[in-house]
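Structure at a glance
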Amino acid sequence: MAQAASKTCEVCVSAPGSQYCIDCEEYYCENCKLLHNRQKLSRNHQFQKASDLIPEGKSKCSEHKEEFTLFCNTCNVPACTSCVTGNHKGHTFSKFVDAVAKLQVENETKIRAKTNEANQNIKKIEESLKSFDNSVESVIKTITDEGSMIKRVVDKAVAQMITFVKEQSKKEKDKLMKMLSDAKSVLVAGQALDRKRNELDKTRQNESLVQKINNLKEEISKLTINSLPEFPNITFKRKSVAEDDIRQLIGTYNISNVAPVLEKKKQRHGSLYICDGCGREEIIPFNR
């Protein structure tokens, strides 16, 4: 593999090697890359920006001090050529750059899937918030309207009850006023008879005086005092009403409690494989 630090085109050896051919493991400038892609044998080669490559100085095997050119698919770790016959003997391998590119594509795919799912969730939550706010406003309006309707009914019932009280109390009051007028008439008549009695007391006693006294006696007997009935009385019995009764009269509301959706854990089924060389454990699926 060429040195990543130089980044010089390995074909024309003059222009900067801004592109890296993964298949040839060589740096190309833009012009040489175009020519490379036009050739029949290399038209399908894959390129990667040289700036995206990991510096070679950081990609060496710690055991063999060789460059990582391979990737152990069995252990899922980078490997050098010496590792093939060493601790990773009998394992399956792929090119290191291909494995890195594959992992990068997988990560990009997973990230895009996660971000798309997050965007969809955000959209659903925002729509749910808007819908919930509208529902809250609707419920508040309904409660207000229901309260106003009950107030109107209460005001109407109070007005009707007051009207009934006034009408019935007026009838009873008229009866009392009639009795009062009759009592006053009796009082006036009695006072008039009392004046006649005083005048007769001052009259000379003779035959005609007796007749006048008898006549006064007869008038007094005709003066009738009516017995008084039981006087009317009015009271009000308050019905006990609690605040909860008023709330129940208006109605009830309910906010549904939706249980949170828990992320399902993926279950892995397969055989446990332990590498004799590195000791790495891996579950190999049955259908692998």
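All values derive from a computational prediction rather than experimental measurement.

Criteria and thresholds
- Residues numbered from 1 in each chain as written.
- Predicted model: local features only at pLDDT ≥ 70, side-chain atom pairs only at ≥ 80, totals over all residues.
- Heavy atoms only, no water.
- Pairing = 2+ DSSP bridges.
- Helix = DSSP H or I, 4+ residues; strand = E, 2+ residues; numbered from the N terminus.
- Axes fitted to C-alpha atoms, helices over the stretch in contact; angles between N-to-C directions.
- Salt bridge = Lys/Arg side-chain N within 4 Å of Asp/Glu carboxyl O.
- Buried < 20%, exposed > 50% of the residue type's maximum accessible area, 1.4 Å probe, protein only.
- Contact = heavy atoms within 4.5 Å.
- Core = buried A, V, L, I, M, F, W, Y, C linked by side-chain atoms within 4.5 Å.
- Disulfide = S-S within 2.5 Å.

The subject of this paragraph is the sheet that holds strand 6 (residues 93-95). Think of a sheet as strands paired side by side through backbone hydrogen bonds, with each pair either parallel or antiparallel. Strand order across the open sheet formed by three strands is 5-4-6, with antiparallel pairing between neighbours. This sheet does not close on itself; its edge strands, each paired only once, are strand 5 (77-79) and strand 6. Strand-to-strand twist of the sheet, defined as the mean angle between neighbouring strand axes without regard to direction, takes the value 40°. Pairing between strand 4 (residues 70-72) and strand 6: three bridges, direction antiparallel. Bridging from a neighbouring strand, Leu 70 pairs with Lys 95 of strand 6.

Summed over the entire model, instances satisfying the criterion amount to eleven salt bridges. Note that Lys 141 and Asp 145 form a salt bridge whose closest N and O atoms lie 2.9 Å from each other. Of this pair, Lys 141 and Asp 145 both sit in helix 3 (residues 96-201), four residues apart, which is roughly one turn of that helix. Look at Lys 141 and you get exposed, because its relative accessible area is 52%.

Once that is clear, we can look at the environment of Ala 15. Looking at where Ala 15 falls in the secondary structure, it is placed in the segment before strand 1 (19-21). By relative accessible area, which is 23% here, Ala 15 ends up partly exposed. Sequence separation between Ala 15 and Glu 30 is 15 residues; the distance between their C-alpha atoms is 8.6 Å. Here Ala 15 is in contact with Thr 8, Cys 9 and Cys 29, once residues within four sequence places are set aside.

In terms of nonpolar packing, the biggest core is built from eight residues, these being Cys 61, Phe 68, Phe 71, Ala 79, Cys 80, Cys 83, Phe 96 and Ala 99. Setting aside anything within four residues of it in sequence, one finds Cys 80 in contact with Cys 61, His 64, Glu 66, Glu 67, Phe 68 and Leu 70.

Before going further, it helps to spend a moment on the state of the cysteines. In a disulfide, the sulfur atoms of two cysteines are held together by a covalent bond. For the structure shown, the criterion picks out zero disulfides. Of all cysteine sulfurs in the structure, the one in Cys 12 sits closest to Cys 9, which takes part in no disulfide; the separation is 3.5 Å. Looking at Cys 9, the relative accessible area reads 1%, which means it is buried. Here Cys 61 stays free of any disulfide, with the sulfur of Cys 83 as its closest cysteine sulfur at 3.9 Å. Judged by its relative accessible area of 6%, Cys 61 is buried.

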